[in-house]
Amino acid sequence: MAAVGDPTRPKAAPWLLSGPALVLFVALLLVPLLMTFVLSFNSFGFYTGIEPTFGLHNYLDVLGDEYFHEIFARTFGIALVTTLLCAAIGTPEAYFLYRMRGRWRSAVLLVVLGPLLISVVVRTLGWAILLGNRGVINTALIDLELITRPIKMMYTTGGIVIALVHVMVPFMVIAVWAALHRQDPATEQAAESLGAGPITIFFRVVLPQAMPGVLSGSLIVFSLSASAFATPAILGGRRVKVVSTTVYDEFLSTLNWPLGAAIAMLLLVAVLLVMASYNRLVERRFAQVFG
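A brief look at the structure comes next. Along each chain, numbering runs from 1 in the same order as the chain's sequence is written. Per-residue local features of the predicted model are confined to residues with pLDDT of at least 70, and side-chain atom pairs are confined, for both listing and counting, to 80 or more; whole-chain, interface and lining totals are unaffected and use all residues. The basis for every side-chain value is the complete set of heavy atoms in the structure, and neither hydrogens nor water enter the calculation.

1. What to know about the packing of helix 4 (residues 102–113) against helix 7 (residues 157–180)
Each pair of packed helices can be described by the angle between their axes along with the distance between the axes.
In step 1: Running from amino to carboxyl end, helix 4 crosses helix 7 at an angle of 140°, the nearest separation of the two axes being 9 Å. Classified by the angle between their axes, helix 4 and helix 7 sit oblique to one another. Here helix 4 contributes R105, L109, V112 and L113 to the contact with helix 7, which in turn contributes P170, V173, I174 and W177.
In step 2: Under the grouping applied here, Gly and all other residues not named as nonpolar or charged are polar, the nonpolar ones being Ala, Val, Leu, Ile, Met, Phe, Trp, Tyr, Cys and Pro and the charged ones Asp, Glu, Lys and Arg. In the contact of helix 4 with helix 7, the residues fall into seven nonpolar, no polar and one charged. Angular values range over 0 to 180 degrees, each being the angle between N-to-C directions of two axes fitted as lines to C-alpha atoms, with helices fitted over their stretch in contact. Think of it this way: any DSSP run of H or I at least four residues long counts as a helix, any run of E at least two long counts as a strand, and we number them from the N terminus. Here the angle decides the label: under 35 degrees means roughly parallel, over 145 means roughly antiparallel, 65 to 115 means roughly perpendicular, and every other value means oblique. Two residues form a contact once any of their heavy atoms are found within 4.5 Å.

2. Regarding the pattern of salt bridges
In step 1: The term salt bridge refers to a pairing of a side-chain nitrogen on Lys or Arg with a carboxyl oxygen on Asp or Glu at a separation within 4 Å. Across all of its chains, the model carries two salt bridges by this definition.
In step 2: The partner of D249 in a salt bridge is K241, with the nearest N and O atoms 3.0 Å apart.
In step 3: Looking at K241, the relative accessible area reads 15%, which means it is buried. Categorising residues by exposure relies on relative accessible area from a 1.4 Å probe, with only protein chains included: less than 20% of the type maximum marks a residue as buried, more than 50% marks it as exposed, and the intermediate range marks it as partly exposed.

3. Considering helix 1 (residues 13–39)
In step 1: Expected span of a helix, by definition, is 1.5 Å for each gap between consecutive residues, and there is one gap fewer than residues. Between its terminal C-alpha atoms helix 1 stretches 37 Å, which fits the 39 Å expected from 27 residues at 1.5 Å a residue.
In step 2: The largest bend in helix 1 is about 55°, located at G19, with the proline P20 one to four residues further on.
In step 3: Turning to helix 1, its buried residues are A13, G19 and L39. Throughout, bend refers to the angle between the axes fitted to the seven residues that end at a position and the seven residues that start at it.

4. Thoughts on the side chain of T231
In step 1: Within the fold, T231 resides in helix 10 (residues 230–236).
In step 2: Ignoring sequence-local partners within four residues, the contact set of T231 consists of V120, T124, I160, A163, L164, V167 and G236.

5. Remarks on the packing of aromatic side chains
What describes a pair of aromatic rings is the distance from one ring centre to the other and the angle between the planes of the rings.
In step 1: We call Phe, Tyr and Trp rings a pair once their centres come within 6.5 Å, taking the six-membered ring for Trp, and we label the pair stacked below 30 degrees between planes, edge-to-face above 60, and tilted otherwise. Summed over the entire model, instances satisfying the criterion amount to nine aromatic pairs.
In step 2: Between Y67 and F68 the ring centres are 5.3 Å apart and the planes differ by 70°, which places this aromatic pair in the edge-to-face class.
In step 3: Relative to F222, the ring of F76 has its centre 5.9 Å away and its plane inclined at 20°; by these criteria the two rings are stacked. Of this pair, F76 sits in helix 3 (residues 66–99) while F222 is found in helix 9 (residues 198–226), placing the two residues 146 residues apart along the sequence. Like F76, the residue F222 is buried in the burial classification.

6. Section: the environment of W257
In step 1: Relative to the helices and strands, W257 resides in helix 12 (residues 257–290).
In step 2: Under the relative-accessibility criterion, W257 is labelled partly exposed at 38%.
In step 3: Residues W257 and V247 lie ten residues apart in sequence; the distance between their C-alpha atoms is 8.6 Å.
In step 4: For W257, the contacting residues outside a window of four places in its chain are L39, I50, E250 and F251.

7. Details of the nonpolar core
In step 1: Membership of the largest hydrophobic core comes to 38 residues, with the highest contact counts inside it found for C86, V176, L180 and L235.
In step 2: At the level of elements, helix 3, helix 5 (120–131), helix 7 and helix 9 are the ones that each hand at least two residues to this core.
In step 3: Top element by residues in this core is helix 7. It accounts for 13 residues.
In step 4: Each residue touching L235, except ones within four places of it in the same chain, is listed here: T124, W127, A128, M154, Y155, T156, G159, I160 and A163.
In step 5: Nine residue types can take part in a nonpolar core, namely buried Ala, Val, Leu, Ile, Met, Phe, Trp, Tyr and Cys, and a core is a set of them joined through side-chain atoms within 4.5 Å. Ranked by size, the runner-up nonpolar core spans 20 residues in total, among them F68, F76, F222 and A270.

8. Looking at the packing of helix 3 against helix 9
In step 1: Direction vectors running N to C along helix 3 and helix 9 enclose 145°, while the axes themselves pass 8 Å from each other. Crossing hand, helix 3 versus helix 9: right-handed. Residues T75, F76, A79, L80, T82, T83, C86, A87, T91, P92 and Y95 of helix 3 touch helix 9, and the partners they reach there are F202, V206, L207, V214, S218, V221, F222, S225 and A226. In a left-handed crossing the near helix is turned counterclockwise from the far helix by less than a right angle, and in a right-handed crossing that turn is clockwise.

It is worth stressing that arrangement in space is one thing and function is another; only the former is reported here.
Next up, the structure:
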């Protein structure tokens, strides 16, 4: 049997080993994506349905309509606020998790990752029960006589952000925790020996070393938040529309599949551009600091 690095080993072996995964990737991701891309150039008629034409009219309709501009701006605004809140919550949480030992770490890690084991729909419905006009939060505040009428939290942008933060925080914690495990523990001890307090150590020593995890976690959270569907659909309803719910409406309500495909492709391109630009900016920043 040929060993690793053996010149007699077939050059096609890596491709043969990864072949099943590549076939699955192409069949389940690339092919549907390509079909959606082609569909976005077709036309639609209310009496004729999808017409196999080729043109940029769907993209021009989206890019030239202020209605869609507002939807895209709202979508990326929600994703940005969600990312900032997840970074603010997840970074200290990951640091506390990193400093824990033994059973406490295992228990807290289970609490952090536990929500990932539950369907996002179930978690969002739980937030609907909490945030409703007659939900747990409003009922408690009224019973305590802190408010006289329910605070509107359902079908608002704020309600969507709150639920998305709950859904996305574990991804940020995992990314930052992984980065903290790569840092040198001696740096904290050196700072402590020089008289630095816990807050100074965290912001001047720990946080700079954890920044790669914060930045990678931010990319994950932003991309997932911008394309989230279940949470905005349940908590936003018909009043707070984002790109994903707009695509859903175009496909299943108006049946204008080409327009829905064009909106979906524009969302994909926009997210990729944001991620690429963000990654380029981060690389330059780290090149200046650590170069």
